[in-house]
Amino acid sequence: MAMKQLSGIDASFLYMETPETPMHVAGLTLYDLPPGFTGSFHEHFKRFFAGRVHLIPIFGKKLAKSVFEMDHPGWVDAEPDLDWHIEGRRLPAPGTRRQLEELVGALHEERLDRTRPLWRFTVIEGLESGQVALYSKVHHAAIDGGAGMVITQALYDLTPVPREVPPPEPKAPDRVPTIPERAVLGLHDIASNLLRQQLRLFEAAPKAAGQIADLLAPALKSGFSLPQLIAPKTPFNGTIGAARSYVARSVPLSEAKAVAKATGTTINDVVMAISSGALRAYLNRRRALPDAALVAFVPISLREAGNKDLNNQVFGMNCPLATNYGDPMKRLQIINRDSRSSKTVAGGLKELSPRDYTVLGAPMLLPGLMQLYGATRLADIAPNPVNVVISNNAGPPVPLYCAGAKVTALYPVSIPVHGVGVNITVQSYMDALDFGITADAASVPDIERMGEDLVAAHVELRDAALGKRAPAPAREKPALRVVAEATPAPKAAPKAPARKPRTKPPAKPDDAAAKPASKSAPRTRSEKPTGKPRAKPGDTAAKPASQTAAKRPASPRARKPKPPAAE
């Protein structure tokens, strides 16, 4: 039985997994059923996927331990049991969006069975919109965001009629090595891994040192300032539990692109600015907004174009979110400036980022350390470099279909960890940015409010950057998809209490102060908007405007009409 050993980065997600920190990534996909479809979509999907599971090699692999667990485990062939790997659930009536999100949070708490291939799908029916949903999770030891696109390509089609997929090619059976052979091979792998990693480090160090020197030279000339190394504490930066809360929201991609173009920023900057606005509003409501800016960890893919390996090839950078500024445009400008600096530094250091490592006895040593870290609650008192994870992945710009059903949304579901209890992951699909916010349920019990804050933050940033020029979002959208509207209805002004009629006779009609003020003239201090229609003649409950005006002379500033506002 041939075994492909996991890299150190892939194996780390196995070692970090505890009952409180499952290490799988997932997605929530919404489908419109094929026209005229009847019956169980769960059974229909299972028959469909049975003919495609071989297109995703990792779905036919399971974990195998190394000899004496001295080195990282590996992948070996295994036949997946589709009756277990593809389960069906039905929401109780009425099947609302919130019920769906709560079920996703509960499913995301469950760890994958390591004796089987590390993936599982749940087909969810009973939605009040008439749609169906698919919750799909895969262990992070097997894939990263880039590798997840391989699964998308295997699962989906570009037309409602599924493409023909050739059956799997027959494989010659592998000879199972004997125990002595496995011991020799294991020791050989350990020695070769150590040597290879040392050589790679020696090769990368001079190049990285030169890049760091290039980065520091301009800073030293102009005055060097240290970046924000410690993030402030918030309610979701401590030891987390096993329960998860989840919310999914969408905003129009065309509007985000328009904001980026108008402000000279990037889509990533806009995503972080929207997230920043949501976090600021949420913490401010809880009276827990720190004075210092929150810091986000932003993953960066190291995957080269065309690389389809199903493994993790990721680096990352820390970026302040400017949550200490109330102006959305100011936040976006600062995020753009700081993210460019962070990208430059990350680009100089990525050559030293560990893509692989070997630690003797890591499968036994590292999981114990992770459990100790959670049990001692060190995350509650230890300083944190970041507050939140924000990840943005480019998705397909064209409609996709699965088993004849049209895909209407692709929401990510990701990983909170001790010290970082909120993860915001974004997937673009057609003209939408689909946000999935996954959090520790104890730290963020009212996550639906955070979802509302996210949509409001997008509207605030869009209106600040574009005003009334914002393009309207696509009108065709599913009932369970919450998309920011192009022009939200203004809130009605509060009604003024009715005042008793005065006995003083009204002013003469030729009284200049009794004339209705033009729309362009500024209000005097005594005027208050009431939001009521103009009073009818004879209505004694309403106060004529002239009574207030006749009480005192009009302000000289009120006599000069204000120039019309620029279009």
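Residues numbered from 1 in each chain as written. Predicted model: local features only at pLDDT ≥ 70, side-chain atom pairs only at ≥ 80, totals over all residues. Heavy atoms only, no water.

Caption draft 1: Molecular detail of the overall build of the chain. Of the regular secondary structure elements, the chain holds 13 helices and 15 strands. Look at the contacts in the chain between residues 6 or more apart in sequence, and 79% of them connect residues 24 or more apart. For the chain, the exposed area adds up to about 29,900 Å²; of that, 59% sits on carbon and sulfur atoms. (Helix = DSSP H or I, 4+ residues; strand = E, 2+ residues; numbered from the N terminus. Contact = heavy atoms within 4.5 Å. Areas by Shrake-Rupley, 256 points an atom, 1.4 Å probe, with all protein chains shown as cover.)

Caption draft 2: Molecular detail of the confidence of the model for the chain. Taken residue by residue, the chain gives an average pLDDT of 78. The fraction at 70 or more is 65%. Counting interchain partners and residues more than four positions distant, the pLDDT-below-50 stretch residues 473-479 has 14 contacts. This model gives residues 485-567 a pLDDT under 50, and the stretch forms 49 contacts once residues within four places in sequence are excluded. (pLDDT = per-residue confidence, 0-100.)

Caption draft 3: Geometry of helix α4 (residues 97-109). The first and last C-alpha atoms of α4 sit 19 Å apart over 13 residues, in line with the 18 Å expected at 1.5 Å per residue. Of all the positions in α4, only Arg 97, Arg 98, Gln 99, Leu 100, Glu 101, Leu 103, Val 104, Gly 105, Leu 107 and His 108 are classed as buried. (Expected span 1.5 Å × (residues − 1). Buried < 20%, exposed > 50% of the residue type's maximum accessible area, 1.4 Å probe, protein only.)

Caption draft 4: Structural view of a nonpolar patch on the surface. A cluster of nonpolar residues, Leu 365, Leu 369 and Leu 372, forms a patch on the protein surface that exposes about 280 Å² of accessible area. With respect to the helices and strands, Leu 365 occurs in helix α10 (residues 362-375). On the basis of relative accessible area, Leu 365 is assigned to the partly exposed category, the value being 45%. (Patch = residues over 30% accessible without salt bridge, like charges linked within 9 Å, V, L, I, M, F, W, Y side chains within 5 Å. Salt bridge = Lys/Arg side-chain N within 4 Å of Asp/Glu carboxyl O.)

Caption draft 5: Layout of the pattern of salt bridges. Considering all chains together, one arrives at 22 salt bridges under this definition. Across the pair Arg 249 and Glu 448 runs a salt bridge, and its minimum N-O distance is 4.0 Å. Residue Arg 249 is located in strand β8 (residues 244-252), and its partner Glu 448 is located in helix α11 (residues 447-466); the two are separated by 199 residues in the primary sequence. Judged by relative accessible area, which is 4%, Arg 249 ranks as buried. Arg 331 serves as the salt-bridge partner of Glu 460, at 3.5 Å between the closest nitrogen and oxygen. Taken together, the residues span a long stretch of sequence, with Glu 460 in helix α11 and Arg 331 in helix α9 (residues 328-349) at a distance of 129 residues. Of the residues examined, Arg 331 reaches a relative accessible area of 3% and is grouped as buried. Connected via shared salt-bridge partners are Arg 97, Arg 98, Glu 101, Glu 102, Arg 249 and Glu 448.

Caption draft 6: The arrangement of the side chain of Asn 387 in detail. Summarising the element assignment, Asn 387 is placed in the loop between α10 and β11 (388-393). Of note is the side chain of Asn 387, whose polar atom sits 2.5 Å from the backbone oxygen of Pro 232. When neighbours within four sequence positions are excluded, Asn 387 is seen to be in contact with Ala 231, Pro 232, Thr 234, Phe 236, Asn 237, Leu 294, Val 295 and Val 420. (Polar contact = N/O pair within 3.5 Å; in protein donor to acceptor, adjacent residues only side chain to side chain.)

Caption draft 7: Structural context of the sheet that holds strand β3 (residues 61-64). Taken together, the three strands give an open sheet; going across it, the order is β1-β4-β3, and neighbouring strands pair in antiparallel fashion. Unpaired on one side and paired on the other, β1 (4-5) and β3 mark the two borders of the sheet. For β1 and strand β4 (residues 74-77), the ladder comprises two bridges, and the chain directions are antiparallel. Residue pairing in the sheet places Gln 5 in a bridge with Gly 74 of β4. (Pairing = 2+ DSSP bridges.)

Caption draft 8: Region of interest: the packing of helix α8 (residues 267-285) against α11. Contact geometry of α8 with α11 gives a least axis separation of 8 Å together with a crossing angle of 125°. Between α8 and α11, the angle is such that the two are oblique. Between α8 and α11 the crossing geometry is right-handed. Contacts from Val 270, Ala 273, Ile 274, Gly 277, Ala 278, Leu 279, Ala 281, Tyr 282 and Arg 285 in α8 reach Arg 449, Met 450, Asp 453, Leu 454, Ala 457, His 458 and Leu 461 in α11. (Axes fitted to C-alpha atoms, helices over the stretch in contact; angles between N-to-C directions. Parallel < 35°, antiparallel > 145°, perpendicular 65-115°, else oblique. Left-handed = near helix turned anticlockwise from the far one by under 90°.)

Caption draft 9: View of the side chain of His 139. Within the element layout of this structure, His 139 appears in strand β7 (residues 132-139). Within the structure, the side chain of His 139 is placed 3.3 Å from the side chain of Glu 17, a separation counted as a polar contact. For His 139, the side chain forms a polar contact with the main-chain oxygen of Met 23, separated by 3.4 Å. Sequence-distant contacts of His 139, defined by excluding residues within four places in its chain, comprise Phe 13, Leu 14, Glu 17, Met 23, His 24, Leu 112 and Leu 118.

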